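Understanding the architecture of this molecule
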Amino acid sequence: VQLEESGGGLVQAGGSLTLSCVVSGRTWDNYGLGWFRQAPGKEREFVASITKSGGATDVSPSVRGRFTISRDVAKNTVYLQMNTLKPEDTAVYYCAADISGWGREAFRYDYWGQGTQVTVSS
């Protein structure tokens, strides 16, 4: 199983980016996908998660109203639309798969991508 993120980069505060994560290899009947981020010197932080069908989502209060998670089941791809970016959003963003469901806790996720850097300048 591989998860590959893309779409990171450098953007000015107030700008937007869309991250993508493609899941390849084996998939499961009911797996959730999540986005996490980790800034230098800080712990990995939950950003958003989504069920296999895309029918339910959960977004961290720190980004709610600015970030949106979605997925294309046919393409095994999950997206993170990030609007009104702030310098404090600067971090490496990781995509992860939870084969038993979905949630906010990093420990429940079984597979992780390598991450993509997002840098927001002020």
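Structure: see above.
Reading the values: the criteria
Residues numbered from 1 in each chain as written. Predicted model: local features only at pLDDT ≥ 70, side-chain atom pairs only at ≥ 80, totals over all residues. Heavy atoms only, no water. Buried < 20%, exposed > 50% of the residue type's maximum accessible area, 1.4 Å probe, protein only. Helix = DSSP H or I, 4+ residues; strand = E, 2+ residues; numbered from the N terminus. Pairing = 2+ DSSP bridges. Polar contact = N/O pair within 3.5 Å; in protein donor to acceptor, adjacent residues only side chain to side chain. Contact = heavy atoms within 4.5 Å. Phe/Tyr/Trp six-rings, centres within 6.5 Å; stacked < 30°, edge-to-face > 60°. Lys NZ or Arg CZ within 6 Å of the ring centre and 35° of its normal. Axes fitted to C-alpha atoms, helices over the stretch in contact; angles between N-to-C directions.

Within a regular beta strand, the side chains point alternately toward one face of the sheet and then the other, so they alternate between its two faces. For strand β4 (residues 32–38), the tally of buried residues reaches six of seven residues, placing the bulk of the element in the interior. Sheet analysis places β4 next to strand β9 (residues 91–98), joined by seven bridges and oriented antiparallel. From the neighbouring strand, Gly32 faces β9, where its bridge partner is Asp98. Hairpin remark: β4 followed by strand β5 (residues 45–50), antiparallel, with six residues in the connecting loop; positive phi at Gly41, about 80°.

Let us look at the side chain of Thr116. Of note, Thr116 is situated in strand β11 (residues 116–121). A residue is classified by how much of its surface remains accessible, and Thr116, at 11% relative accessible area, is buried. Side-chain polar atoms of Thr116 contact the backbone nitrogen of Gly8, separated by 3.2 Å. The residues contacting Thr116, other than those within four sequence positions of it, are Glu5, Ser6, Gly7, Gly8, Leu19, Ala91, Val92 and Tyr93.

Let's shift gears to the packing of aromatic side chains. Two numbers describe a pair of aromatic rings. These are the distance of the centres and the angle of the planes. For the coordinates displayed, the defined rule picks out five aromatic pairs. When the ring of Tyr94 is compared with that of Trp112, the centres are 6.5 Å apart and the planes differ by 75°; the resulting orientation is edge-to-face. Of this pair, Tyr94 sits in strand β9 while Trp112 sits in strand β10 (residues 111–112); the two residues are 18 residues apart in sequence, bridging distant segments of the chain. With a relative accessible area of 27%, Trp112 lands in the partly exposed category. One residue, Arg44, lies across the ring of Tyr94, its end atom 3.9 Å from the ring centre. Seen from the ring of Tyr31, Arg71 lies directly overhead, with NZ or CZ sitting 4.9 Å from the centre.

Take the sheet that holds strand β3 (residues 17–24) next. Note on sheets: strands pair through backbone hydrogen bonds, and any given pair is parallel or antiparallel. Here we have four strands laid out as an open sheet, ordered β1-β3-β8-β7, and antiparallel in their pairing. The open sheet is flanked by β1 (2–6) and β7 (67–72), the only strands paired with a single partner. Adjacent strand axes in the sheet meet at a mean angle of 15°, parallel and antiparallel pairs treated alike. When β7 meets strand β8 (residues 77–82), the two strands line up antiparallel, connected through six bridges. Counted as the bridge partner of Thr68 is Gln81 from β8.

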